[in-house]
Amino acid sequence: MRVHGVTGRKNSGKTGLMERLVAEIVGRGFRVSTVKHAHHVTDVDQPGRDSHRHRMAGATEVLLATPLRWALMHELRGAPEPAPAEVFARFSPVDLLLVEGFKHGDHPKIECLRRETGTEPLAREIAGVRAFASDYGDPGLGLPVFHLDDTQAIADFILREVGLLPRPSPGAGKPFEPDASVAEALARMRAAIRPIAGEVEIPLAEASGRVLARAMAARRSHPPTDNSAVDGYGFAFDAVDMARPIPLEPGRSAAGAPFAGVLPPGRALRILTGALPPEGMDAVVPEESTRIEEGRLILERPPGRRGANIRPAGEDMKEGAEALAAGAVLRPGDLALAAAVGLGRLPVRPKLRVAIFSTGDELADPGELAEGRTYDANRPMLRALLERQGYEVLDLGVIPDARPTIRAALEEASARADAVLTTGGASRGDEDHVSALLREEGELQVWRVAIKPGRPLALAHWRSVPVFGLPGNPVAAMICALIFALPGLALRAGAAWREPEAYQVVADFARRKQFGRREYLRARINAQGRAEAFPSEGSGRVSGLSWAGGLVELPEDLREIRPGDLVRYLPFSGFGL
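Residues numbered from 1 in each chain as written. Predicted model: local features only at pLDDT ≥ 70, side-chain atom pairs only at ≥ 80, totals over all residues. Heavy atoms only, no water.

Details of the layout of surface pockets
(1) Moving on: The calculated volume of the largest pocket comes to roughly 1,700 Å³.
(2) Moving on: What lines the largest pocket is a set of 33 residues, among which Lys-36, Leu-72, Met-73, His-74 and Val-87 lie closest to the centre.
(3) Moving on: Where the lining of the largest pocket is concerned, the elements lending two or more residues are β2 (32-36), α2 (50-57), β3 (61-65), β4 (70-74) and α3 (84-89).
(4) Moving on: Element by element, the count of residues in the lining of the largest pocket is highest for β4, at five residues.
(5) Moving on: The class makeup of the residues in the lining of the largest pocket is 14 nonpolar, nine polar and 10 charged.
(6) Moving on: Size it by volume and the second largest pocket reaches roughly 560 Å³.
(7) Moving on: Around the second largest pocket, the lining is made up of 30 residues, and of these Asp-179, Ala-450, Arg-455, Gln-514 and Arg-517 lie nearest the centre.
(8) Moving on: For the lining of the second largest pocket, the secondary-structure elements that each account for two or more residues are α1 (14-27), α5 (182-192) and β27 (451-452). (1 Å grid on protein atoms, 1.4 Å probe; cavity = no way out; pocket = protein on both sides within 12 Å on 5 of 7 lines; lining within 4 Å. Points joined across faces, edges and corners; volume = space filled by probe spheres on them. Helix = DSSP H or I, 4+ residues; strand = E, 2+ residues; numbered from the N terminus. Nonpolar A, V, L, I, M, F, W, Y, C, P; charged D, E, K, R; others polar.)

Some thoughts on empty space enclosed by the protein
(1) Moving on: Within this structure, the stated rule accounts for three cavities of 30 Å³ or more.
(2) Moving on: There is about 120 Å³ of room inside the largest cavity.
(3) Moving on: Looking at the largest cavity, it is lined by 15 residues, and the ones nearest its centre are Pro-453, Tyr-520, Leu-521, Arg-522 and Glu-537.
(4) Moving on: Among the residues making up the lining of the largest cavity, the classes are represented as seven nonpolar, three polar and five charged.

A word on a nonpolar patch on the surface
(1) Moving on: A cluster of nonpolar side chains, Leu-63, Trp-70 and Leu-72, forms an exposed patch at the surface whose accessible area comes to about 340 Å².
(2) Moving on: Within the secondary structure, Trp-70 is located in strand β4.
(3) Moving on: Residue Trp-70 is classed as exposed on the basis of its relative accessible area, which comes to 58%. (Patch = residues over 30% accessible without salt bridge, like charges linked within 9 Å, V, L, I, M, F, W, Y side chains within 5 Å. Areas by Shrake-Rupley, 256 points an atom, 1.4 Å probe, with all protein chains shown as cover. Salt bridge = Lys/Arg side-chain N within 4 Å of Asp/Glu carboxyl O. Buried < 20%, exposed > 50% of the residue type's maximum accessible area, 1.4 Å probe, protein only.)

As for the environment of Pro-223
(1) Moving on: Within the element layout of this structure, Pro-223 appears in the loop between β10 (216-217) and β11 (227-228).
(2) Moving on: Here Pro-223 falls in the buried class, since its relative accessible area comes to 11%.
(3) Moving on: If we ignore the near neighbours within four places in the chain, the residues touching Pro-223 are Pro-312, Ala-313, Gly-314, Glu-315 and Asp-316. (Contact = heavy atoms within 4.5 Å.)

Considering the sheet that holds strand β28 (residues 456-462)
(1) Moving on: Read from one edge of the open sheet, six strands run β24-β21-β25-β29-β28-β26, paired in mixed fashion. Edge positions in the sheet fall to β24 (392-399) and β26 (443-448), since each of these pairs with one other strand and no more. Taken pair by pair, the neighbouring strands of this sheet meet at an average axis angle of 15°, ignoring direction.
(2) Moving on: Sheet topology note: the strand β21 (residues 353-359)/β24 ladder contains six bridges and is parallel. Paired with Ile-356 across the two strands is Asp-395, which belongs to β24.
(3) Moving on: Packing against the sheet, α5 makes contact with β26, β28 and β29 (465-470), and its axis sits at approximately 165° to β26. (Pairing = 2+ DSSP bridges. Axes fitted to C-alpha atoms, helices over the stretch in contact; angles between N-to-C directions.)

Looking at unusual backbone geometry
(1) Moving on: Across the junction of His-222 and Pro-223, the peptide omega takes the value -5°, indicating a cis bond.
(2) Moving on: Here the phi dihedral of Asn-11 falls at roughly 65°; this positive angle occurs in a residue that is not glycine.
(3) Moving on: Positionally, Asn-11 belongs in the loop between β1 (3-8) and α1.
(4) Moving on: A positive phi angle, close to 50°, is found at Phe-102, a residue other than glycine.
(5) Moving on: Among the structural elements, Phe-102 can be located in the loop between β5 (96-100) and β6 (109-113).
(6) Moving on: Residue class for Phe-102 comes out buried when judged on its relative accessible area of 9%.

Examining the pattern of salt bridges
(1) Moving on: Considering all chains together, one arrives at 38 salt bridges under this definition.
(2) Moving on: For Arg-512, the salt bridge goes to Glu-560, with nearest N and O atoms at 3.2 Å. Of this pair, Arg-512 sits in strand β31 (residues 511-512) while Glu-560 sits in strand β35 (residues 560-561), and the two are 48 residues apart along the sequence.
(3) Moving on: Overlapping salt bridges, with partners in common, bring together Asp-365, Asp-376, Arg-379, Arg-383, Glu-387 and Asp-395 in one network.

Here we look at the packing of α1 against helix α4 (residues 151-161)
A packed helix pair is summarised by two numbers, namely the angle formed by the two axes and the spacing between the axes.
(1) Moving on: It is the contact of α1 with α4, at a shortest axis distance of 10 Å, that shows an interaxial angle of 70°. The orientation of α1 with respect to α4, classified from their angle, is roughly perpendicular. Taken together, the residues of α4 that come into contact with α1 (itself represented by Leu-17, Arg-20, Leu-21, Glu-24 and Ile-25) are Thr-151, Gln-152, Ile-154, Ala-155, Ile-158 and Leu-159.
(2) Moving on: The class makeup of the residues in the contact of α1 with α4 is seven nonpolar, two polar and two charged. (Parallel < 35°, antiparallel > 145°, perpendicular 65-115°, else oblique.)

Looking at the packing of aromatic side chains
(1) Moving on: Taken as a whole, this structure holds four aromatic pairs when the rule is applied.
(2) Moving on: Taking the centre distance of 6.1 Å and the plane angle of 85° together, the rings of Phe-88 and Phe-102 count as edge-to-face. Taken together, the residues Phe-88 in helix α3 and Phe-102 in the loop between β5 and β6 connect sequence positions 14 residues apart.
(3) Moving on: Consider the rings of Tyr-503 and Tyr-569, whose centres lie 5.7 Å apart with planes at 65°: the pair is edge-to-face. Linking Tyr-503 in strand β30 (residues 503-506) with Tyr-569 in strand β36 (residues 566-571), this pair joins segments that are 66 residues apart in sequence.
(4) Moving on: Using a relative accessible area of 3% as the deciding quantity, one classes Tyr-569 as buried.
(5) Moving on: We note Arg-270 situated over the ring of Tyr-233; from NZ or CZ to the ring centre the distance is 5.3 Å. (Phe/Tyr/Trp six-rings, centres within 6.5 Å; stacked < 30°, edge-to-face > 60°. Lys NZ or Arg CZ within 6 Å of the ring centre and 35° of its normal.)

With respect to α5
(1) Moving on: Of all the positions in α5, only Val-182, Ala-185, Leu-186 and Met-189 are classed as buried. Along α5, the residues classed as buried sweep out an arc of 95° about the axis, all on the same side.
(2) Moving on: In the core, the buried residues of α5 are packed alongside β26, β27, β28, β29, α10 (474-492) and β32 (518-525). (Arc of directions from axis to C-beta.)

Re the nonpolar core
(1) Moving on: Counting residues in each nonpolar core, the largest one holds 50 residues, and the members touching the most others are Leu-421, Phe-468, Leu-470, Phe-484 and Leu-489.
(2) Moving on: Listing elements by their share of this core, those giving two or more residues are α5, β21, α7 (378-388), β25 (419-423), β28, β29 and α10. (Core = buried A, V, L, I, M, F, W, Y, C linked by side-chain atoms within 4.5 Å.)

A few points about the side chain of Thr-359
(1) Moving on: Within the element layout of this structure, Thr-359 appears in strand β21.
(2) Moving on: What makes Thr-359 buried here is its relative accessible area of 5%.
(3) Moving on: Within the local environment of Thr-359, its side chain forms a polar contact with the backbone oxygen of Gly-424, the two atoms lying 3.3 Å apart. (Polar contact = N/O pair within 3.5 Å; in protein donor to acceptor, adjacent residues only side chain to side chain.)

Some words on the confidence of the model for the protein chain
(1) Moving on: Summing up the model confidence of the protein chain, the mean pLDDT is 89 and the portion of residues at 70 or higher is 96%.
(2) Moving on: Counting interchain partners and residues more than four positions distant, the pLDDT-below-50 stretch residues 169-175 has three contacts. (pLDDT = per-residue confidence, 0-100.)

Brief notes about helix α8 (residues 403-416)
(1) Moving on: A rise of 1.5 Å per residue sets the reference length of α8, with its 14 residues, at 20 Å; its end C-alpha atoms lie 20 Å apart and thus fit the reference within 8%.
(2) Moving on: Within the span of α8, buried status applies to Ile-406, Ala-409, Leu-410, Ala-413 and Ser-414. What you see down the axis of α8 is that its buried residues fit within an arc of 125°, all on one side. Along α8, exposed side chains directed more than 90 degrees from the buried face belong to Pro-404 and Ala-415. (Expected span 1.5 Å × (residues − 1).)

Okay, here's the thing in structure tokens:
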């Protein structure tokens, strides 16, 4: 009998790995049986059952038979627990017996390790451990290490260990690839992406939303001259007796129509907002602080200093100062400033062109007859997201799950666009060709990220063009596009690095989460000003994207959120949506 074990400390992920291994190995055509050994007292029988009554009456063995299955229960009644080999010998012949537990048995084992348990490996205490399945890396004991979730690679290892697959040549095998943290993935992406080259000069009226190619200096000061900040009356501060009526000079100074001449000492002149103070005027009093009696100015609230209510030339910006920084995404306020300092044309980066395509034989375009198929929700979503950022979108449609067609799509996308967004095929299944191609023929910066939803996320380059291999699930695709693709595309477009807008709000929900993984919940702000989360965490619930107004970000070191806790809320409006 071929036997291989899965062991580990409490909460290390043994049962989850066993479940995945059984499905994986049975799916390859092998027959598998399992043993679950519990070191604590447990029972599969229940009081009140007929089988339980048989046992309580003194039966040594009770075989419970139904049309679906049968189960044999053997009573030890104080006898020593049988050795693992005795237990294994009771099984009918199969290709592989997988054992969970029996850590002191002499059969080969793979040990599960999880960071959050905070415990030392059992391999330091027991024999037979041949490899580790870990979520944090190599514990340093000189044994092969696989990622805890890499079921295929772990199954390959076990099948080779028991002789059901040929052993690899010396030195072969896939190294351990720990999940990158969100911060690590963003840092790698930021280091790898280069902005598109070139610039084009365009009129100010066409520059909204474009990326400024280089810094621009003010061509003239703003304001260009001294000017009055209010409607009122002006005079020389030291030349009038403010406690006495002040004679008025005929005329006025208005914006665009300055007073011609010099204001005599001791006299006041009517002046309007934005008007140039004439020579002889160095203070202005607002109209509402004065009154006129018998053609003379009475100051009810005199100005307190020379220069009062006069805006000096260059108060806002001096000629030659940097008005707009390189990489700015030009907003209405930026265009106002450019106009104010005399910039009628601006150098901008070429508009970013982004290619998108979905992969999957099961996908159909919305509106098509699609019995037994799934409508592609990703491309309409991503197109709208990208167009909101001001990018040109090249939609290559749905690409079948075949490596040659996906390779051809990547070639076309990289030749015609500045960046590529794909959905689907980023995991490690038989039909997940995107990640395989990016790994084997491209430059893969990041494959798996410790994030929920969206762990299988490929950040790569194909022919020097950035590729964002997003998950096929629309919820995961949307969240990964917001967190990873948008800042990466901004860099590619020549803009500055973009951090998401976020603020602290009070949670109106409870959640538990896995330690060591960052999670994003679809959320919105309720009438009480608190964040409520979408009721279902299932990433298949696309309705949650329409329901939500943003995301709640739960950091890696958090395990639980309770109502009343502060959480970080990222509104969709902060992403330009």
